[in-house]
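Listed below, chain by chain, are the residues.
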Amino acid sequence: QQQVKQSPQSLIVQKGGISIINCAYENTAFDYFPWYQQFPGKGPALLIAIRPDVSEKKEGRFTISFNKSAKQFSLHIMDSQPGDSATYFCAASKEWGGGGADGLTFGKGTHLIIQP
Amino acid sequence: GAVVSQHPSWVICKSGTSVKIECRSLDFQATTMFWYRQFPKQSLMLMATSNEGSKATYEQGVEKDKFLINHASLTLSTLTVTSAHPEDSSFYICSAYQTGTGNTEAFFGQGTRLTVV
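Residues numbered from 1 in each chain as written. Chains lettered and ligands numbered in written order. Predicted model: local features only at pLDDT ≥ 70, side-chain atom pairs only at ≥ 80, totals over all residues. Heavy atoms only, no water.

Asker: So what about the overall build of chain B? Which residues, and what values?
Answerer: Regarding its fold elements, chain B presents 0 helices and 11 strands. When the helices and strands of chain B are listed from N to C terminus, the series reads β-β-β-β-β-β-β-β-β-β-β. Considering chain B as a whole, with its 117 residues, one finds that 50% of them fall into the buried category. Considering only contacts in chain B between residues 6 or more positions apart, those separated by 24 or more positions represent 55%. Working note: accessible area of chain B is about 5700 Å², and carbon and sulfur atoms make up 52% of it. Across chain B, 9 positive and 9 negative side-chain charges occur, with their mean positions spaced 7 Å apart. (Helix = DSSP H or I, 4+ residues; strand = E, 2+ residues; numbered from the N terminus. Buried < 20%, exposed > 50% of the residue type's maximum accessible area, 1.4 Å probe, protein only. Contact = heavy atoms within 4.5 Å. Areas by Shrake-Rupley, 256 points an atom, 1.4 Å probe, with all protein chains shown as cover. Lys, Arg positive; Asp, Glu negative; His and termini not counted. Charge placed at Lys NZ, Arg CZ, Asp CG, Glu CD.)

Asker: Let's hear about the overall build of chain A: which residues, and what values?
Answerer: In terms of regular secondary structure, chain A is built from 0 helices and 11 strands. Ordered by position from N to C terminus, the α and β elements of chain A give β-β-β-β-β-β-β-β-β-β-β. Over its C-alpha atoms chain A spans a radius of gyration of 13 Å, differing by no more than 12% from the 13 Å that the globule rule assigns to 116 residues. Within chain A, the proportion of its 116 residues that are buried is 45%. Long-range contacts, defined as pairs at least 24 residues apart, comprise 56% of the intrachain contacts of chain A with a sequence gap of at least 6. When the accessible surface of chain A is summed, it comes to about 5500 Å², and 49% of that surface belongs to carbon and sulfur atoms. Distance between charge centroids for chain A: 4 Å, based on 11 positive and 9 negative side chains. (Rg over C-alpha atoms; globule rule 2.2 N^0.38 Å.)

Asker: Report on the interface of chain A and chain B, specifying residues and quantitative values.
Answerer: Of the residues lining the interface, 21 residues belong to chain A; the matching set on chain B comes to 19 residues. Carbon and sulfur atoms supply 55% of the area buried between chain A and chain B, which totals about 1400 Å² over both sides. Where chain A meets chain B, there are 0 salt bridges. Here chain A and chain B share 4 residue pairs in polar contact (both at pLDDT 80 or more) between them. Class assignment of the residues belonging to the side of chain A that touches chain B gives a composition of 8 nonpolar, 9 polar and 4 charged. (Buried area = accessible area lost by both parts, 1.4 Å probe. Salt bridge = Lys/Arg side-chain N within 4 Å of Asp/Glu carboxyl O. Polar contact = N/O pair within 3.5 Å; in protein donor to acceptor, adjacent residues only side chain to side chain. Nonpolar A, V, L, I, M, F, W, Y, C, P; charged D, E, K, R; others polar.)

Asker: Just give me the short version of the side chain of Ser43 of chain B, but keep the residues and values in it.
Answerer: Along the chain, the position of Ser43 of chain B falls in the loop between strand S4 (32-38) and strand S5 (44-51). Within polar-contact distance, the side chain of Ser43 of chain B engages the backbone oxygen of Gly107 of chain A at 2.4 Å. If sequence neighbours within four positions are ignored, Ser43 of chain B has contacts with Phe89, Phe106, Gly107 and Lys108 of chain A together with Arg37 and Gln38 of chain B.

Asker: Go over the sheet that holds strand S3 (residues 19-25) of chain B, please, and point to the residues and values.
Answerer: Residues and elements named next belong to chain B. Read from one edge of the open sheet, 4 strands run S1-S3-S8-S7, paired in antiparallel fashion. For this open sheet the edge positions go to strand S1 (4-7) and strand S7 (67-73), each flanked by a neighbour on one side alone. The mean angle between the axes of side-by-side strands here comes to 15°, regardless of whether they run parallel or antiparallel. Pairing of S3 with strand S8 (residues 76-81), which is carried by 6 bridges, proceeds in the antiparallel orientation. Bridge pairing in S8 places Val19 opposite Val81. (Pairing = 2+ DSSP bridges. Axes fitted to C-alpha atoms, helices over the stretch in contact; angles between N-to-C directions.)

Asker: Explain the pairing of strand S3 (residues 19-25) of chain A residue by residue, including any values.
Answerer: Residue and element names in this part refer to chain A. The side-chain alternation of S3 yields one buried face, formed by Ser19, Ile21, Cys23 and Tyr25, and one unburied face, formed by Ile20, Asn22 and Ala24. In this sheet, S3 lies alongside strand S1 (residues 4-7) in antiparallel orientation, the contact comprising 4 bridges. Counterpart to Val4 in the pairing with S3 is Tyr25.

Asker: Outline the state of the cysteines, supporting the account with residue identities and numerical values.
Answerer: Residues and elements named next belong to chain B. Summed over all chains, the structure comprises 2 disulfides over all chains. At a sulfur-sulfur separation of 2.0 Å, the disulfide partner of Cys23 is Cys94. Here the disulfide of Cys23 and Cys94 is right-handed, its torsion about the S-S bond being about 80°. You can see Cys23 sitting in strand S3 and its partner Cys94 sitting in strand S9 (residues 90-97), a full 71 residues away along the chain. With a relative accessible area of 0%, Cys23 lands in the buried category. Judged by its relative accessible area of 0%, Cys94 is buried. The closest cysteine sulfur to the non-disulfide-bonded Cys13 is located on Cys94, 18 Å from its own sulfur. (Disulfide = S-S within 2.5 Å.)

Spelled out as structure tokens, the structure:
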């Protein structure tokens, strides 16, 4: 049973546009919701993370929107650039930072392409 | 951020042999390290949780006798794939959890591409 559902599977956005990736979770014990960026052949790198008591968090061009009642959260990339082309994973964990006993549960990933 | 280093970055081995992958936290101590497996264009799946000085905890469906994990120090965990077969070919990624600094975050290594021929 997949605990974190991510969509879309792939996304093409024009340079300067807004990229939006959505995730939904089922386990209400999750307390940490990060987004990771992964380039081919590399490990994932943390982009931004949020706790369920916050509805929005912004860091530079990256914003997480969180809807606790709907158990959904999304990543918005403003002014998308070709260098943003990568695979993005949402994840969830029962412990802040992702280091709890169960580690991180990842979504299936979104392959994002930013066209020049 | 903290640095987690994996070695080797890629390895090719013959079927039936064993391969060891190292995961090191370079500038912090990690009481807990995690091992993930990622197939091409797939998500990361947690294989096991490695705790320093104790036995690893394996996820359901992961063979503990095939994927041997040793976490002998606060900065090193190793994953040994024993009697490797082509179906074990995958991208293996470790993460180390930084504790005691008020900044609890799991940092990931760069991954190890294993190809079994």
